[in-house]
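# Per-entry structural report
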Amino acid sequence: MSKPTGLAYFWYTLEQRMATPTPYLTMFGLSLWIFTYWLLCEGLEFWRFGKIPGPVTVLTDWFARDPFQGISIFKEEYYIHIWSSCRRIAIAFCIATGVGVPLGLFMGWSKAFRDYTFPILEVLRPIPPLAWVPLAILMFSGFETPVIFLATLASLFVTTLNTMLGVDSIDEEYFRAAGCLGSSKWQIFTNVVVPGALPFIFTGLQISVGVAWFSLVAAEMVSGDYGLGYLIVDSFMNNVTVPMVIGMLTLGLVGWGTSVMVRQVGRQLMQWQVKELAQQDR
Amino acid sequence: MTDAGPANMAASEGIDFGAGQSRMELKNVSKGYGEEWEFDQVLGNLSLEVEAGMLTVVVGPSGCGKSTLVNLIAGFETPDTGTILLDGSEVTGPGKERMVVFQETALMPWQTTYENIVFGPKLRGDYQGGNLEAEAVKLIEKVGLADFKDKYPLQLSGGMQRRAELARALINEPRIMIMDEPFRGLDAMSRELMQEFFLKIFEENRRTQIFVTSEIDEAIFLADRLVVLSNKPAEVRTVIDIDLPRPRDFKMMSSPEAYRYKSEAMEILHEEAMKSFSDSASASGFMEVYAKTGD
């Protein structure tokens, strides 16, 4: 049988998927979780959980044309919040990757370069993004730049460190083989260091996009006019709890989406690894 | 691998097969590691001549410094004293005229078989033998990987990986090949097949070879000349010329000559291994028992 194409292939994979226990286990886990949430907040109104909006309240408002507490999928504002955050993440993630990956590659590749830079990185890295907030506000004007700066900072460290470790992880034999075959230093960099570090780089990028969301939201809570973090803290200030929960759940879903995107790009770039995994499955 | 004709003729007529091949010489080479107060002398004053067009097999007790020897010959490391000469010129760093086939596979996992094989000539941009792509494909067919040309190394079996690696080395037309326990970790069957395959390729044009192994049967089956190293610090303990006819066949391994070579080499290896064994204090108790039962 030849490989089906287009929609046929989609149905084929879907069918295959449905034949495994995975979707059913996921559904069961999800419903159990929602049921517990409902039981605590709405069913039993157990202790202080009663003050938290339960799943029914949240979902009704989330999908209502005319929501009680102002935020739903029919409100333009909702999308402005999502868009503001996504745009900031995109910018921050691109800067962090564009700077962090080359930085990490060179740190791993050149001992001298690492000696120059690594101590600085190690000192700056443990400082949490929240501690940077005042400095960021002093350094940059407006709402946008400080927020992006904070998100960039956090993911930059993760990306750089992971990339560097990725270079460290490359087996000495590959360098030797490349040297034996007569590669120049730069050829070794492009043909061994970069591809060899890719698996670690993409692990790093997946973590870094998550970290970018953490610090973005923290930053938006302190300084901002729009964005999911702002929505959450603003709703709390105004004592409207439903948009707060909607904001949190949206954040989770969008964050998951970005992480899936990074993973997919990584898979495309590392076919040689995907095939290995496919073989192990067999 | 292209001039198979004259080499075969030479072999059958018993003339010098070293004509046009390279020769390597190690003069009083020593190498050690570590700080002064815990210095570990791995090679001590090792002198060795690798004759042109010969398959020289180096065996030694495990941990005697065979890999260090390979690293020095390949140019990954430099000797503390002494010189290594290839056709009279000193070895100073890694180079394509001395190809190493490594213990564990060192094919780039992110390159397909084909990409791996053309990697060296493509980077250097110095391929002389006409169309590189055609030549690579020919070589891939020769090592029996035609169906695996566009597969990644991780999709190949252990034996296939070794063959791909052999092809990657051969396409560079090195003057000398250095095989560092290349068939270690293969199962017995693949190992035997690989040995036969390796010999077939060698016997085609008798490119000078250094083959390092710790398997005595493998050593005798392959070798023109067997170099037995001593215990650490390693020196050449004995050189045994293996006069088994070529092309070799596994049946020859059960011949009386092969048996004689084996016991000769085994005796020396055993002696050396015992020395290293008794060097460690923890083994002394066992040594006494062994000495008693050995009598």
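Residues numbered from 1 in each chain as written. Chains lettered and ligands numbered in written order. Predicted model: local features only at pLDDT ≥ 70, side-chain atom pairs only at ≥ 80, totals over all residues. Heavy atoms only, no water.

### Considering the overall build of chain B
Keep this limit in mind: For the purposes of this entry, the term helix denotes a DSSP run of H or I that reaches at least four residues, the term strand denotes a run of E that reaches at least two, and both are numbered from the N terminus. We call a residue buried when its accessible area falls under 20% of the maximum for its residue type, exposed when it is over 50%, and partly exposed in between, using a 1.4 Å probe and counting protein chains only. Surface exposure here means Shrake-Rupley accessible area, sampled with a 1.4 Å probe, where a residue is shielded only by the protein chains that are shown.
Secondary structure summary: chain B contains nine helices and ten strands in total. Classification of the 295 residues of chain B by burial places 52% in the buried group. For chain B, the computed accessible surface area is about 13400 Å², with 50% contributed by carbon and sulfur atoms.

### Points about the pairing of strand E10 (residues 236-241) of chain B
Walk down a regular strand and you will see the side chains alternate between the two sheet faces. Residue and element names in this part refer to chain B. Applicable threshold: Two strands pair if DSSP finds at least two bridges between them.
Pairing of strand E9 (residues 225-229) with E10 involves five bridges; the strand directions are antiparallel. Paired with Leu229 across the two strands is Val236, which belongs to E10. Where E9 folds back onto E10 in an antiparallel hairpin, the turn is made up of six residues.

### A look at the domain arrangement of chain A
Convention followed: Boundaries between domains were set according to an automatic or database domain assignment.
Examined at the domain level, chain A breaks down into domain 1 (19-52) and domain 2 (76-281). Summarising the inter-unit geometry, the C-alpha centres of domain 1 of chain A and domain 2 of chain A are found 32 Å apart.

### With respect to the interface of chain A and chain B
Rule in force here: The contact criterion used throughout is that any non-hydrogen atoms of two residues lie within 4.5 Å. When a carboxyl oxygen of Asp or Glu is within 4 Å of a side-chain nitrogen of Lys or Arg, the pair counts as a salt bridge. For the purposes of these results, a polar contact is taken to be a pair of N or O atoms within 3.5 Å, where, inside protein, one atom must be able to donate a hydrogen and its partner to accept one; residues adjacent in sequence count only when each atom of the pair is a side-chain atom.
Every contact between the two is made by 20 residues of chain A and, on the other side, 28 residues of chain B. The tally of links between chain A and chain B comes to one salt bridge. A salt bridge links B:Glu77 to A:Arg176; its shortest N-O distance comes to 3.6 Å. On inspection of chain A and its partner chain B, the count reaches five residue pairs in polar contact (both at pLDDT 80 or more). The biggest single contributor to the side of chain A that touches chain B is helix H8 (residues 172-180) of chain A, with seven residues.

### Structural notes on the packing of aromatic side chains
Put simply, the rule is: Put simply, two rings from Phe, Tyr or Trp (the six-membered ring, in Trp's case) pair if the centres are within 6.5 Å, and we call them stacked under 30 degrees between planes, edge-to-face over 60, tilted for the rest. Distance and angle both matter: a charge sits over a ring if NZ of Lys or CZ of Arg is within 6 Å of the ring centre and within 35 degrees of the ring normal.
For the structure on display, the rule yields 20 aromatic pairs over all chains. Relative to A:Tyr79, the ring of A:Tyr78 has its centre 5.2 Å away and its plane inclined at 70 degrees; by these criteria the two rings are edge-to-face. Since its relative accessible area comes to 5%, A:Tyr78 is described here as buried. For the cation-ring pair, A:Lys185 lies above A:Trp109, with the distance from its terminal atom to the ring centre recorded as 5.5 Å. The ring of B:Tyr114 carries the charged tip of B:Lys149 above its face, separated from the ring centre by 5.0 Å.

### Things to note about the nonpolar core
Convention followed: Grouping buried Ala, Val, Leu, Ile, Met, Phe, Trp, Tyr and Cys residues that are joined through side-chain atoms within 4.5 Å yields what is termed a nonpolar core.
By size, the foremost hydrophobic cluster in this structure holds 144 residues, and its most contacted members are B:Met24, B:Leu26, B:Val57 and B:Leu226. At 15 residues, the largest contribution of residues to this core is made by helix H9 (residues 185-222) of chain A.

### Section: the environment of A:Thr97
All names here are of chain A. Inspection of the secondary structure puts Thr97 in helix H4 (residues 76-109). Look at Thr97 and you get buried, because its relative accessible area is 18%. Sequence-wise, Thr97 and Leu156 are 59 residues apart; in three dimensions their C-alpha atoms are separated by 6.8 Å. Among residues more than four places away in sequence, those in contact with Thr97 are Pro102, Thr159 and Leu205. At 2.7 Å, the side chain of Thr97 and the backbone oxygen of Phe93 are in polar contact.

### A word on helix H5 (residues 158-170) of chain B
All names here are of chain B. Worth spelling out the cut-off: Between the first and last residue of a helix there are one fewer steps than residues, each counted as 1.5 Å, and that sum is the expected span.
Over its 13 residues, H5 runs 18 Å from end to end, which matches the ideal 18 Å to within 8%, given 1.5 Å per residue. Across the 13 residues of H5, eleven count as buried, placing the element largely inside the fold. Among the residues of H5, those classed as buried are Gly159, Met160, Gln161, Arg162, Ala164, Glu165, Leu166, Ala167, Arg168, Ala169 and Leu170.

### Some remarks on the pattern of salt bridges
Close approach of charged atoms allows side chains with opposite charge to pair. All names here are of chain B. One pass over the full model with this rule turns up 29 salt bridges over all chains. Notably, a salt bridge pairs Arg23 with Glu49, separated by 3.1 Å at the nearest N-O pair. Here Arg23 is found in the loop between helix H1 (4-13) and strand E1 (24-33), whereas its partner Glu49 is found in strand E2 (residues 40-50), with 26 residues between them in sequence. Given a relative accessible area of 38%, Glu49 falls into the partly exposed group. Residue Glu173 is joined to Arg207 by a salt bridge in which the shortest nitrogen-to-oxygen separation is 3.9 Å. In this pair, Glu173 is assigned in the loop between H5 and strand E7 (176-180) and Arg207 in the loop between helix H6 (188-205) and strand E8 (208-213), connecting sequence segments 34 residues apart.

### Details of the sheet that holds E7(B)
Residues and elements named next belong to chain B. To keep it simple, the criterion reads: Angles run from 0 to 180 degrees between N-to-C directions of axes, and those axes are lines fitted to C-alpha atoms, restricted for helices to the stretch in contact.
Strand order in this open sheet of six strands is E6-E7-E8-E3-E9-E10, and the pairing throughout is mixed. Only two strands of the sheet have a single partner each, and these edge strands are strand E6 (98-101) and E10. When strand polarity is set aside, the average angle formed by the axes of neighbouring strands in this sheet is 20 degrees. Across five bridges, strand E3 (residues 55-59) lies against E8 in parallel orientation. Note on E8: the bridge partner recorded for Leu55 is Gln209. Taken strand by strand, H6 contacts E3, E7 and E8, and its axis lies near 160 degrees from that of E8.

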